[in-house]
Amino acid sequence: MQYRKFGETGFETSILGFGAMRLPMIDKTTVDRDRAIPLMLRAYEQGVNYFDTGKWYCGGDSERALGEAIKSMDRSRIRVSTKYAMGKPTASDLREKFETSLRVMNLDYVDYYHLWGISWKSFETELSIPGGPLEEFIKLKDEGLVRHLSFSFHSKPGDIPKLVDTGVFETMLCQYNLLDRSNEAGIAYASAKGLGVAIMGPVGGGRLGSPSE
């Protein structure tokens, strides 16, 4: 496994991470543990040290399944990423969902906690209002429950520099692959500003692994 400096987080991250959005399933809400946990442990044995999940992945069962796999890993060697899935974005909603994520993963802290799929508009009008989710988000780090504040991104590429320049975030997760290079300039900007950048969908949701025109 090869490793690279992950922004200014002080961590050397494996160039291949493990995304837990598409785990083998028994049904729409139940991860197949007999297949999924060996996959995660095999990745760990081969040097993968970045594991990414989200509250609603795999019908809401991804975080729990990852937490079960982590029991067989050296926690000090890995970094865990999960996300705040906004419903009605309030400080109490963020706190409640974060504490639920911690509980189902059976963890004392999360390394990278993302504001999930944000845009510049949502950051300005929903997240950063006085007494809103952003203040609670920052408190999680102040309390030692989150090591690094992050955002994941599906919006207009021009929003990335604006979000980076808030100074809030230490890492970013966004899509980038040979079918979609729209975030290329934003990735370079974030990296130049010291953010660790992780890529989702590096093989286009599997499309780049299949024969096509």
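Trainee: Looking at this structure, I do not really get the packing of aromatic side chains. What am I missing?
Mentor: Note on aromatic pairs: each is described by the distance of the centres and the angle between the planes. Enumeration over the complete set of coordinates arrives at 12 aromatic pairs. Summarising the aromatic geometry, the rings of Tyr-113 and Phe-137 are spaced 6.3 Å apart at their centres and angled 40° between planes, so their arrangement reads as tilted. Remark: Phe-137 occurs in helix 5 (residues 133-142) and Tyr-113 occurs in strand 8 (residues 110-118); sequence separation between them is 24 residues. Phe-137 sits in the buried class, given a relative accessible area of 0%. Ring geometry for Phe-137 and Phe-169: centres 6.3 Å apart, planes at 55°, overall tilted. Placement of the pair is Phe-137 in helix 5 and Phe-169 in the loop between helix 6 (159-164) and strand 10 (171-175), with a sequence separation of 32 residues. In this structure Phe-169 comes out as buried when scored by relative accessible area, which is 5%. Among the aromatic residues, ring-to-ring pairing joins Phe-98, Tyr-113, Trp-120, Phe-123, Phe-137, Phe-151, Phe-153 and Phe-169 into one connected group.

Trainee: Help me understand helix 2 (residues 62-70), please; the structure alone is not making it clear to me.
Mentor: Along an α-helix, a turn takes 3.6 residues, which lines up residues three or four apart on a common side. Counting buried residues in helix 2 gives seven out of nine residues, a clear majority hidden from the surface. Burial in helix 2 covers these residues: Ser-62, Glu-63, Ala-65, Leu-66, Gly-67, Ala-69 and Ile-70. Looking at the buried positions of helix 2, the neighbouring elements they touch are strand 5 (30-31), helix 1 (33-45), strand 6 (50-52), strand 7 (79-84) and helix 3 (91-105).

Trainee: Any chance you could explain unusual backbone geometry here in plain terms?
Mentor: Negative phi is the rule for most residues except glycine; trans is the rule for most peptide bonds. Unlike most non-glycine residues, Cys-58 shows phi in positive territory, near 55°. Looking at the element boundaries, Cys-58 is found in the loop between strand 6 and helix 2. Judged by relative accessible area, Cys-58 falls into the buried class, the value being 10%. Positive phi values are uncommon outside glycine, yet Asn-106 reaches one of about 60°. Residue position: Asn-106 is located in the loop between helix 3 and strand 8. You can call Asn-106 exposed: its relative accessible area is 57%.

Trainee: Could you clarify how one ought to interpret the layout of surface pockets in this entry?
Mentor: Empty space among the atoms becomes visible once a probe the size of a water molecule is rolled across them. By volume, the largest pocket amounts to about 1200 Å³. Around the largest pocket, the lining comprises 38 residues; the ones closest to its centre are Gly-17, Ile-199, Met-200, Gly-201 and Pro-202. Breaking the lining of the largest pocket down by element, the ones donating at least two residues are strand 1 (3-5), strand 2 (12-14), strand 3 (18-19), strand 6, strand 10, helix 7 (184-192) and strand 11 (196-200). Of the residues forming the lining of the largest pocket, the biggest block, five residues, is contributed by strand 11. Among the residues making up the lining of the largest pocket, the classes are represented as 19 nonpolar, 14 polar and five charged.

Trainee: So what exactly am I meant to see when it comes to the sheet that holds strand 6 here?
Mentor: Whether parallel or antiparallel, the strands of a sheet pair through hydrogen bonds between backbone atoms. Across the sheet, which stays open at both edges, the seven strands sit in the order 3-6-7-8-9-10-11 with parallel pairing between neighbours. Each end of this open sheet is capped by a strand with a single partner; those strands are strand 3 and strand 11. Pairing analysis gives two bridges linking strand 3 to strand 6, with the strands arranged parallel. In the sheet register, Gly-19 faces strand 6, and the bridge partner there is Asp-52. Of the strands in this sheet, strand 7, strand 8 and strand 9 (146-153) touch helix 3, which is tilted by about 130° from strand 8.

Trainee: Sorry if this is basic, but what is going on with helix 3 here?
Mentor: Counted at 1.5 Å a residue, the expected span for helix 3 with its 15 residues is 21 Å, and the 21 Å between its end C-alpha atoms agrees. Ala-91, Asp-93, Leu-94, Arg-95, Lys-97, Phe-98, Ser-101, Leu-102, Val-104 and Met-105 are the residues of helix 3 that are buried. Remark: Asn-106 follows helix 3 within two positions and exhibits a positive phi of approximately 60°.

Scoring rules and cut-offs
- Residues numbered from 1 in each chain as written.
- Predicted model: local features only at pLDDT ≥ 70, side-chain atom pairs only at ≥ 80, totals over all residues.
- Heavy atoms only, no water.
- Phe/Tyr/Trp six-rings, centres within 6.5 Å; stacked < 30°, edge-to-face > 60°.
- Helix = DSSP H or I, 4+ residues; strand = E, 2+ residues; numbered from the N terminus.
- Buried < 20%, exposed > 50% of the residue type's maximum accessible area, 1.4 Å probe, protein only.
- Contact = heavy atoms within 4.5 Å.
- 1 Å grid on protein atoms, 1.4 Å probe; cavity = no way out; pocket = protein on both sides within 12 Å on 5 of 7 lines; lining within 4 Å.
- Points joined across faces, edges and corners; volume = space filled by probe spheres on them.
- Nonpolar A, V, L, I, M, F, W, Y, C, P; charged D, E, K, R; others polar.
- Pairing = 2+ DSSP bridges.
- Axes fitted to C-alpha atoms, helices over the stretch in contact; angles between N-to-C directions.
- Expected span 1.5 Å × (residues − 1).

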